[in-house]
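Each chain, written out:
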Amino acid sequence: MKKIISVVGARPNFIKIAPLYREFQKHKDQVQHLICHTGQHFDKKMSDIFFKELKLPIPDFYLGIGGGSHTEQTAKIMLSFEKIVIKEKPDLIIVVGDVNSTLACSLVAKKLSIPIAHVESGLRSFDREMPEEINRILTDVIADYLFVSEKSGLENLQNEGIAKEKIFFVGNIMIDSLVHFLSQTEESNILKELRIEKSDYILVTFHRPRNVDTKVYLAKLVKFLNNIAEKKKVVFPIHPRTKKNMKKFGFSFNDNVISIEPAGYIDFLTLLKNALLVITDSGGIQEETTYLGVQCITVRDNTERPSTVEIGTNQLIGTDLNKVEIAANEILSGKFKEGNIPELWDGKTAGRIVDIICNE
Ligand code: UD1
Ligand code: UDP
């Protein structure tokens, strides 16, 4: 019997681990699969609700790390996770995505000579000012199994000199969750609760430090959203980072912006699926809109997910809000970007990953 510990810390991690958890359940005779939650995200609406909705078990280990500077957060996770790894002696540690928990636990694993599997490997924004880019590069350098979600990842890893035999193109695990849970959106009442109609609102999410941490840019963003909401209702589930900064700078939205708490996964998928347009700086939401064929404007200067722009419905507009307004107006006037679904975004990625792990 082999022992595997999967690490989760932040909202998108829960969504990426759920399909692997389900798949490992089918291999209980071969693998003991444990989950460690670092506690990087800890609010009920950023964490508990996802365990409930995604039908994840109570984590086997909870580190309770919480917020802090990057160094503080990373160091605290490392100290706590090391104790668990020494005690449990797992055969493999699985990390997903690009958050601080991903890198912290990968470092611990490598220092203790435990193999690492990185799911969603190879993505690159080529912007080293983003903490996620550092987390991605460093995790990939030390990982033993690199599971790649889109073609650009293969090229990036090859250019970085990673040995070919470690790299596996398996598709997008976040889409596994989307495919699995999409039918449950029929039971969500979120549109009724918010008094909005299908294809008659803009869904917005913002949480990148570049966009929400400075008073000057956040002021521009609030003004932009207040303006566009005069034309079409805006629904904004507000991330805790953004909420804290709105409060700190004393900003608020006008009545046409429906600002709500972070949404649970099923409600959020319902909002995504039915939106006329999504304006975001999220990583995962670029992928989900591409799969759903929903119009998406990404307010960032780069994306580590280029297939969503090259193949999907995503438009990378940059952070100049005048340009964002022009792009949004085009869509509001009915000029949609056509899109397709990238290769292997088919809901079967976790199956491919678990097959590879179990056969090695
Ligand atoms: C983190 C990830 C980012 C990811 C995002 C997903 C890093 C470096 N960043 O950013 O890549 O896109 O998660 O949502 O790992 N907070 C709460 N309650 C919570 C969670 C956070 O109050 O449940 C507060 C924290 O205390 C902190 C702030 O929000 O003050 C930011 O949290 P943190 O996890 O450091 O970074 P995120 O911006 O959430
Ligand atoms: N999400 C959610 N509720 C929300 C906002 C996002 O369930 O209010 C989901 C979304 O469907 C996607 C994931 O959270 O699966 C994206 O997380 P986030 O944008 O926080 O992180 P990123 O992908 O940018 O790292």
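Above: the structure in question.
In this text the structure is predicted, and so the values were computed from the model without any measurement.

(A) Examining the site of ligand 1 more closely. Neighbouring ligand 1 are 19 residues; H41, N100, E132, R241 and K244 lie closest to it. H41 places a side-chain nitrogen or oxygen 2.7 Å from an oxygen atom of ligand 1. Relative to its free-state accessible area of 750 Å², ligand 1 is covered by the protein chains to the extent of 90%. For the shell around ligand 1, the elements supplying multiple residues, two or more each, are α3 (70-88) and α11 (240-249). Examining the composition of the shell around ligand 1, we find that three residues originate from one element, α11, more than from any other. For the shell around ligand 1, the residue count by class is six nonpolar, eight polar and five charged.

(B) Main features of the sheet that holds strand β4 (residues 92-96). Reading across from one edge, β3-β2-β1-β4-β5-β6-β7 is the order of the seven strands in this open sheet, with parallel pairing throughout. What marks the edges here is a single partner per strand, and that holds for β3 (61-62) and β7 (167-169). Across seven bridges, strand β1 (residues 2-8) lies against strand β2 (residues 31-37) in parallel orientation. Each bridged residue has a counterpart across the sheet, and for V8 the counterpart in β2 is H37.

(C) Seen up close, the site of ligand 2. In the vicinity of ligand 2, 17 residues are found, and the nearest of them are R208, S282, G283, G284 and E288. Between ligand 2 and G284 there is a distance of 2.8 Å, counted from an oxygen atom to a backbone nitrogen or oxygen. Between an oxygen atom of ligand 2 and a side-chain N or O atom of E288, the distance comes to 2.5 Å. Considered on its own, ligand 2 offers 540 Å² of accessible surface; in the complex 97% of this is hidden by protein. Contributions of two or more residues to the shell around ligand 2 are made by α1 (11-25), α12 (265-274) and α13 (284-292). At three residues, the largest contribution of residues to the shell around ligand 2 is made by α1. The residue inventory of the shell around ligand 2, partitioned by class, reads nine nonpolar, five polar and three charged.

The rules behind each value
Residues numbered from 1 in each chain as written. Chains lettered and ligands numbered in written order. Predicted model: local features only at pLDDT ≥ 70, side-chain atom pairs only at ≥ 80, totals over all residues. Heavy atoms only, no water. Near = heavy atom within 4 Å. Polar contact = N/O pair within 3.5 Å; in protein donor to acceptor, adjacent residues only side chain to side chain. Areas by Shrake-Rupley, 256 points an atom, 1.4 Å probe, with all protein chains shown as cover. Helix = DSSP H or I, 4+ residues; strand = E, 2+ residues; numbered from the N terminus. Nonpolar A, V, L, I, M, F, W, Y, C, P; charged D, E, K, R; others polar. Pairing = 2+ DSSP bridges.

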